[in-house]
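Residue-level listing of the chains:
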Amino acid sequence: MRSVWVKTNSAEYPVHIQPNLLGNLAGQIQLSYGKTSSVFVVTSPEIWELWKETFLASFQKQKLDVHPLFVPPGERHKRLSTVERLAEELSRAGARRDTLLVAFGGGVIGDMTGFLAAIYMRGVRYIQVPTTYLAQIDSSVGGKTGVNLRTGKNLIGSFHHPVAVFCDPAILSTLPSRELRAGLVETVKAAALADATYFRWLEKNLDQLLKGEEKLLTESIQRSVKIKAEIVAADEHESGPRMLLNLGHTVGHAIEAVTGYRSLLHGEAIAWGILAAVSLSVERSVLPPSEAKRIEDLLFRLGPFPKFRASAKALLDRTAADKKHLQKSQRFVLPVTIGRAVVVEDVTPPELLAAIQSMLRLAGERGV
Ligand SMILES: NC(=O)c1ccc[n+]([C@@H]2O[C@H](COP(=O)([O-])OP(=O)(O)OC[C@H]3O[C@@H](n4cnc5c(N)ncnc54)[C@H](O)[C@@H]3O)[C@@H](O)[C@H]2O)c1
Ligand SMILES: [Zn+2]
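What counts and what doesn't
Counting starts from 1 at the beginning of each chain's written sequence and moves along it residue by residue. Following the order in which they are written, the chains are lettered starting with A and the ligands numbered starting with 1. At least 70 in pLDDT is required for a residue's local features to be given in this predicted model, at least 80 for side-chain atom pairs to be given and counted, and no such filter applies to totals for whole chains, interfaces and linings, which use all residues. For helices, the fitted line uses only the C-alpha atoms of the stretch in contact; every axis is such a line through C-alpha atoms, and the angle between N-to-C directions lies from 0 to 180 degrees. Only DSSP runs of H or I covering at least 4 residues are called helices, and only runs of E covering at least 2 are called strands; the numbering of each starts at the N terminus. For classification, angles of less than 35 degrees are called roughly parallel, those exceeding 145 degrees roughly antiparallel, those between 65 and 115 degrees roughly perpendicular, and all remaining angles oblique. Take the far helix as the reference: if the near one is turned anticlockwise from it by less than a right angle, the crossing is left-handed, and if turned clockwise, right-handed. By definition, residue pairs are in contact when their C-beta atoms, positioned from the backbone, come within 7 Å. Two strands pair under a simple rule: DSSP has to find at least two bridges between them. As a rule, any residue with its backbone-derived C-beta atom within 6 Å of a molecule or strand is reported as near that molecule or strand. In this classification, Asp, Glu, Lys and Arg are treated as charged, Ala, Val, Leu, Ile, Met, Phe, Trp, Tyr, Cys and Pro as nonpolar, and every other residue, Gly included, as polar. By our criterion, buried Ala, Val, Leu, Ile, Met, Phe, Trp, Tyr and Cys residues that link up through C-beta atoms within 7 Å make up a nonpolar core. Buried means a residue has 20 or more other C-beta atoms within 10 Å of its own C-beta, exposed means 12 or fewer, and partly exposed covers the counts in between; C-beta atoms are placed from the backbone. Boundaries of every domain are those given by an automatic assignment or by a domain database.

1. Points about the packing of helix α10 (residues 266-283) against helix α13 (residues 349-366)
Viewed as axis vectors pointing N to C, α10 and α13 meet at an angle of 125°, and their least axial separation amounts to 8 Å. One element, α10, and the other, α13, form an angle in the oblique class. For the crossing formed where α10 meets α13, the hand is right-handed. Residues W272, L275, A276, S279, L280 and E283 of α10 pack against E351, L352, A354, A355, I356, S358, M359, L362 and A363 of α13.

Put into structure tokens, the structure is as follows:
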């Protein structure tokens, strides 16, 4: 089994990656955590319907009780009210401080279950069993948990690391192709900012990855998790290097907000955001045009990405942290070469506006 260790000041845990790992989850849990009489699994009804037989088989063998708790799919359920309802259900079912929670779903389930684990009885242990590519390479690692407010995403939350992450690439066989492609945008991002060798590997293997080739998925999950684990180890609470992971996210988040989180998946918005960052870097002459083209080409192989309606001005306004910041220079992640990015503090509004306009032109030509 392949494993990547995440080591931070406050936690140390493995991310295990192996096809068909789900069929032996209970054994793995018993091995690592000794006697647990029962586990509570937070999942959504459709994921449970698809995977419950595989999931339950090993628990039945180990005579471990499984209590599923359900959350309907969709970002709109990532709310404090859902966490409260789940906590009531845990309490009613007799979950105690030594309870083990399992997050079995995409990033929405993972973020919410992590937060539930952080606050239920002032903190219980939890395991991540991510079922989307994005959750396997990104959201299940690093300990950020939380829920949304009406005023913005992830505004309530805490850092609470899982005790282990189990990634089974075979689970991705039921994931809609659009979700896989959007998740792969985040792996292109990780390679572009941290690992030129991995970037070349992606250029070579992307088409097979898109077909769901399990060996290649395993390799790419391992490499992406390693990048995230190293960055999180250096900077657990995002005061320094962890900001690099926000490559493409300044403009990407603005696109999501301006379009009301409806027309694009997160990864799709981030693809456009990376293209804006690439344009800004080229304009500043910090990224050679030939490397910019390689990033663009690789991203577009994950497309086509949806078009969206948004004016450059509206997007620029949304990139400022608040209205007071509108006129000021701001922090931004710039790719400088394939495999390296930097955080700068001096991106001016006109510069950012030009990058957004260039991205919108590209979106007009190549979006669908
Ligand atoms: N904590 C972090 O560090 C972090 C990082 C990145 C993103 N996030 C969060 O992650 C969330 C997005 O996660 P996501 O992209 O996984 O979306 P998601 O959890 O909404 O899942 C996407 C869709 O795929 C379905 N699905 C999941 N697994 C499936 C499977 N194996 N087969 C069939 N269908 C399946 C889900 O039900 C859902 O409809 C956002 O809320 C975002 O804020 C958190
Ligand atoms: Zn992201």
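2. Quick look at the pairing of strand β10 (residues 330-337)
Here β10 pairs with strand β11 (residues 340-347) via 6 bridges, running antiparallel. Each residue of the ladder has a partner; that of T337, found in β11, is R340.

3. Some words on the site of ligand 1
Taken together, 28 residues lie around ligand 1, and G106, G107, T131, T132 and S139 are the ones closest in. Those elements giving two or more residues to the shell around ligand 1 turn out to be α2 (45-61), α4 (107-119), α5 (133-139) and β8 (152-159). Among the residues forming the shell around ligand 1, the class breakdown is 9 nonpolar, 11 polar and 8 charged.

4. Some thoughts on the pairing of strand β1 (residues 2-7)
Looking at chain direction, β1 and strand β2 (residues 12-17) are connected through 6 bridges and run antiparallel. The residue bridging V4 from the neighbouring strand is V15, located in β2. Counted along the chain from β1 to the antiparallel partner β2, the turn is 4 residues long.

5. Focus: the nonpolar core
Counting residues in each nonpolar core, the largest one holds 111 residues, and the members touching the most others are V42, L101, V102 and W272. Composition of this core by domain shows at least three residues from each of domain 1 (2-174) and domain 2 (177-366). For V102, the residues in contact, after removing those within four places along its chain, are V39, F40, V41, Y126, I127 and V129.

6. Focus on the environment of K307
With respect to the secondary-structure elements, K307 resides in the loop between α11 (289-300) and α12 (312-319). Residues K307 and A363 lie 56 residues apart in sequence; the distance between their C-alpha atoms is 6.1 Å. Excluding its chain neighbours within four sequence positions, the residues that come into contact with K307 are A363, G367 and V368.

7. Side note on the domain arrangement of the protein chain
Under the domain assignment used here, the protein chain contains domain 1 (2-174) and domain 2 (177-366). Here the C-alpha centre of domain 2 lies 27 Å away from the C-alpha centre of domain 1. Between domain 1 and domain 2, the contact holds 27 residues from the first and 24 residues from the second. Of all elements in the fold, only β1, β2 and α5 reach the threshold of two or more residues within the side of domain 1 that touches domain 2. Classifying every residue of the side of domain 1 that touches domain 2 gives 15 nonpolar, 8 polar and 4 charged.

8. Concerning the sheet that holds strand β3 (residues 38-43)
With respect to topology, 7 strands assemble into an open sheet ordered β1-β2-β9-β6-β5-β3-β4, the strand pairing being mixed. Bordering the open sheet on either side are β1 and β4 (65-70), each of which pairs with just one other strand. Across this sheet, the average inter-strand angle for adjacent strands is 20°, counted without regard to direction. Relative to β4, β3 is paired through 6 bridges, and the arrangement is parallel. Across the sheet, the residue bridging to V39 is V66, located in β4. This element, helix α1 (residues 25-33), spans β5 (100-105), β6 (125-130) and β9 (164-167) of the sheet and lies at about 160° to β9.

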